[in-house]
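# Analysis of the macromolecular model
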Amino acid sequence: MRRPAPTESAAPMFLTQDYAIRPVPEAERKPFLNVSVTTGAWVIAMSTLWTGSVLAQGMPFAMVVNATILGMGILVAYGAFMGWLGARYGVSTTVLAREAFGRVGSSLLGIVFALTLGIGWFGWQIAFFAQTLATMFPDAWLASYQPAVVWGGSLMILTAFIGYRALSALSMFAVPLIVALSAWGLWVSLGAATQATPLEATMSLFEGVSIVVGNAALGAVIFPDLTRYARTASVGALATCGGYFLGGVLAVLAGAAITASAGTAAGNLPAAMAAVGMGFFAFLILLFAQWTTNDNNLYSGALGLANVVRLPKSVLCIAMGVVGVLIALSGVENYFVPYLNFLSSYVPPIAGVVIADHWIVKRVLEQRDYKFGPGAQHAGINWLAVASVLAGGFLGGSLGFGITPINAIAIAFVLHAGGSVLLRMVGLSAEIGRSVEDHTGF
């Protein structure tokens, strides 16, 4: 007898399934502040502080401010569209992609998210956390590399395992703390930072903007994983703009100011924090900034894989998290970086395709909205959508100008929208096969 597929309503696992492949019910939706803070926690990470530290090495602080505001503005410009869609339909990024890419196409995206976010970058960020902690506290056993990987990775797995309710609860506590400590570090460093001379004043404003965008481009694409819990579409869009923009700007500027005032190299941000008197507070920033960001990486990776295999999201979180911890313990995480960067270059154009598909293909050409839930029909695969992502990812960094992720998004948008119009004019379709959702979300 065939065993029934797990459903998100089956006890006792329903508390951790988090509507991974079904629309979030209206009764479970959250207000603006909750979604905004949870989204902001995604970008407030040590890697974002390090981005500011890198910028401080190559340009005056006033230019860092301009690059940060412009870069984060670009991110929320397209991220708001994705946040709106997630809240409008209450589904994750990979489920949302069923309409644009088809059922098989969205499964391919789910695999990419699982490999990049849920395993690869999750493992790399755990290692990054442990290495930084060992540098900050070289004489403490708990701060040594392997113990820090185990207990730090376990904390990150725990909140991702529970789901959005744990991510938001942690964020509501951690984000105000990180913001306050980062703001303090920015305040005590600001005067010296504005007078400091960059160690290598070789970076242009455009290069600075590119670095800011590159640091957080992936997060803006997968906003629906969080904004599906927003009460309205406008709350989803505005929450992403507010949380992501403000959190990103503060983290970058704090990292830049602390580095510039301390006069240290970008690779020694912990020493810079110590030099401005942050001490133990630097540890709190490291702990909560990495925790609130890396659990989101695992969470999104598990949501992506839940769209592919009939296993509960909680089980996928544990399995992928353990693999990520083992990668960090083995010390081979840096060998994955070129591969991860390659895969990650094909994530931003997904936003271009989804935005073009919803607002041009479906609303203008087909005059309908997306539909999800039992009975909803999707293509088996949309070859034009897949081809647009591949072309955007390949050409995005090959043009010789512009910002690679933005190039990729724009190319994918134009190819999918324009290709759909042309195919419709000659009476052809890019969709192959049909798929119908059942009560489980598959």
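Just above sits the structure.
Residues numbered from 1 in each chain as written. Predicted model: local features only at pLDDT ≥ 70, side-chain atom pairs only at ≥ 80, totals over all residues. Heavy atoms only, no water.

### Details of the overall build of the protein
What the protein contains, in helices and strands, is 17 helices and two strands. C-alpha extents for the protein along the principal axes are approximately 65 × 50 × 40 Å. Looking at the protein as a whole, 57% of its 442 residues are labelled buried. If you take every contact in the protein between residues at least 6 apart in sequence, the share linking residues at least 24 apart comes to 85%. Split by element, the accessible area of the protein, about 16900 Å² in all, is 70% carbon and sulfur. (Helix = DSSP H or I, 4+ residues; strand = E, 2+ residues; numbered from the N terminus. Buried < 20%, exposed > 50% of the residue type's maximum accessible area, 1.4 Å probe, protein only. Contact = heavy atoms within 4.5 Å. Areas by Shrake-Rupley, 256 points an atom, 1.4 Å probe, with all protein chains shown as cover.)

### A short note on the nonpolar core
Ranked by internal contacts, the top residues of the largest apolar core, which has 129 residues, are Met46, Tyr78, Phe101, Tyr244 and Ile350. Broken down by element, the residue count for this core peaks at 18 residues, all from helix α5 (residues 93–136). (Core = buried A, V, L, I, M, F, W, Y, C linked by side-chain atoms within 4.5 Å.)

### Observations regarding the pattern of salt bridges
Counted according to the given criterion, the structure contains nine salt bridges. We note a salt bridge from arginine 310 to aspartate 438, for which the minimum N-O separation is 3.7 Å. Within this pair, whereas arginine 310 is found in the loop between α12 (280–306) and α13 (313–330), its partner aspartate 438 is found in the segment after β2 (431–436), the two being separated by 128 residues in sequence. Taken together, the shared-partner salt bridges connect Arg88, Arg363 and Asp369 into one network. (Salt bridge = Lys/Arg side-chain N within 4 Å of Asp/Glu carboxyl O.)

### Looking at the side chain of serine 344
By the secondary structure assignment, serine 344 is in helix α14 (residues 337–344). In this structure serine 344 comes out as buried when scored by relative accessible area, which is 7%. Within the structure, the side chain of serine 344 is placed 2.7 Å from the backbone oxygen of leucine 340, a separation counted as a polar contact. (Polar contact = N/O pair within 3.5 Å; in protein donor to acceptor, adjacent residues only side chain to side chain.)

### Side note on a nonpolar patch on the surface
There is a patch of nonpolar side chains on the surface, built from Val104, Leu108, Ile111, Leu115, Val332, Tyr335, Phe336 and Tyr339 and spanning about 720 Å² of accessible area. Of all the elements, α5 adds the most residues to the nonpolar patch, at four residues. Within the element layout of this structure, isoleucine 111 appears in helix α5. Looking at isoleucine 111, the relative accessible area reads 36%, which means it is partly exposed. (Patch = residues over 30% accessible without salt bridge, like charges linked within 9 Å, V, L, I, M, F, W, Y side chains within 5 Å.)

### A short note on the packing of helix α2 (residues 32–43) against helix α7 (residues 164–195)
The contact between α2 and α7 brings their axes to 8 Å, and the two run at 80°. Classified by the angle between their axes, α2 and α7 sit roughly perpendicular to one another. Contact residues: α2 offers Leu33, Asn34, Val35, Val37, Thr38 and Ala41, while α7 offers Tyr164, Leu167, Ser168, Ser171, Met172 and Val175. Residue classes in the contact of α2 with α7 are distributed as eight nonpolar, four polar and no charged. (Axes fitted to C-alpha atoms, helices over the stretch in contact; angles between N-to-C directions. Parallel < 35°, antiparallel > 145°, perpendicular 65-115°, else oblique. Nonpolar A, V, L, I, M, F, W, Y, C, P; charged D, E, K, R; others polar.)

### Here's the deal with the packing of helix α4 (residues 61–89) against helix α15 (residues 348–365)
Closest axis-to-axis distance for the α4/α15 pair is 10 Å, and the angle between their directions is 60°. Between α4 and α15, the angle is such that the two are oblique. The chirality of how α4 crosses α15 is left-handed. Touching Tyr78, Phe81, Met82, Trp84, Leu85, Arg88 and Tyr89 of α4 are Ala351, Val354, Ile355, His358, Trp359 and Arg363, all from α15. Its residues placed into classes, the contact of α4 with α15 shows ten nonpolar, one polar and two charged. (Left-handed = near helix turned anticlockwise from the far one by under 90°.)

### Let's talk about the packing of aromatic side chains
Tallying each qualifying case throughout the model produces 17 aromatic pairs. Taking 5.5 Å as the distance between ring centres and 70° as the angle between the ring planes, the aromatic pair formed by phenylalanine 173 and phenylalanine 288 counts as edge-to-face. Pair noted here: phenylalanine 173 is in helix α7 and phenylalanine 288 is in helix α12, with a separation of 115 residues, a long-range link. Exposure remark for phenylalanine 288: the relative accessible area of 10% places this residue in the buried category. Through a chain of ring-to-ring contacts, three or more aromatic side chains come together here, namely Trp50, Trp121, Trp124 and Phe128. (Phe/Tyr/Trp six-rings, centres within 6.5 Å; stacked < 30°, edge-to-face > 60°.)

### Topic: the side chain of arginine 228
As for its placement among the helices and strands, arginine 228 is situated in the loop between α9 (224–227) and α10 (233–262). We classify arginine 228 as buried; its relative accessible area is 0%. Separated by 2.9 Å, the side chain of arginine 228 and the backbone oxygen of aspartate 225 make a polar contact. At a separation of 2.6 Å, a polar atom in the side chain of arginine 228 contacts the side chain of tyrosine 299. Other than its neighbours up to four places away in sequence, arginine 228 contacts Asp18, Tyr19, Val24, Arg29, Gly86, Ala87, Gly90, Val91, Ser92, Tyr299 and Leu303.

### A word on α10
Along an α-helix, a turn takes 3.6 residues, which lines up residues three or four apart on a common side. With 30 residues, α10 extends 43 Å between its outermost C-alpha atoms, agreeing within 8% with the 44 Å of an ideal straight helix rising 1.5 Å per residue. Burial of α10 is extensive: 22 of the 30 residues sit out of reach of the surface. Positive phi appears at glycine 263, one or two residues downstream of α10, with a value of about 70°. (Expected span 1.5 Å × (residues − 1).)

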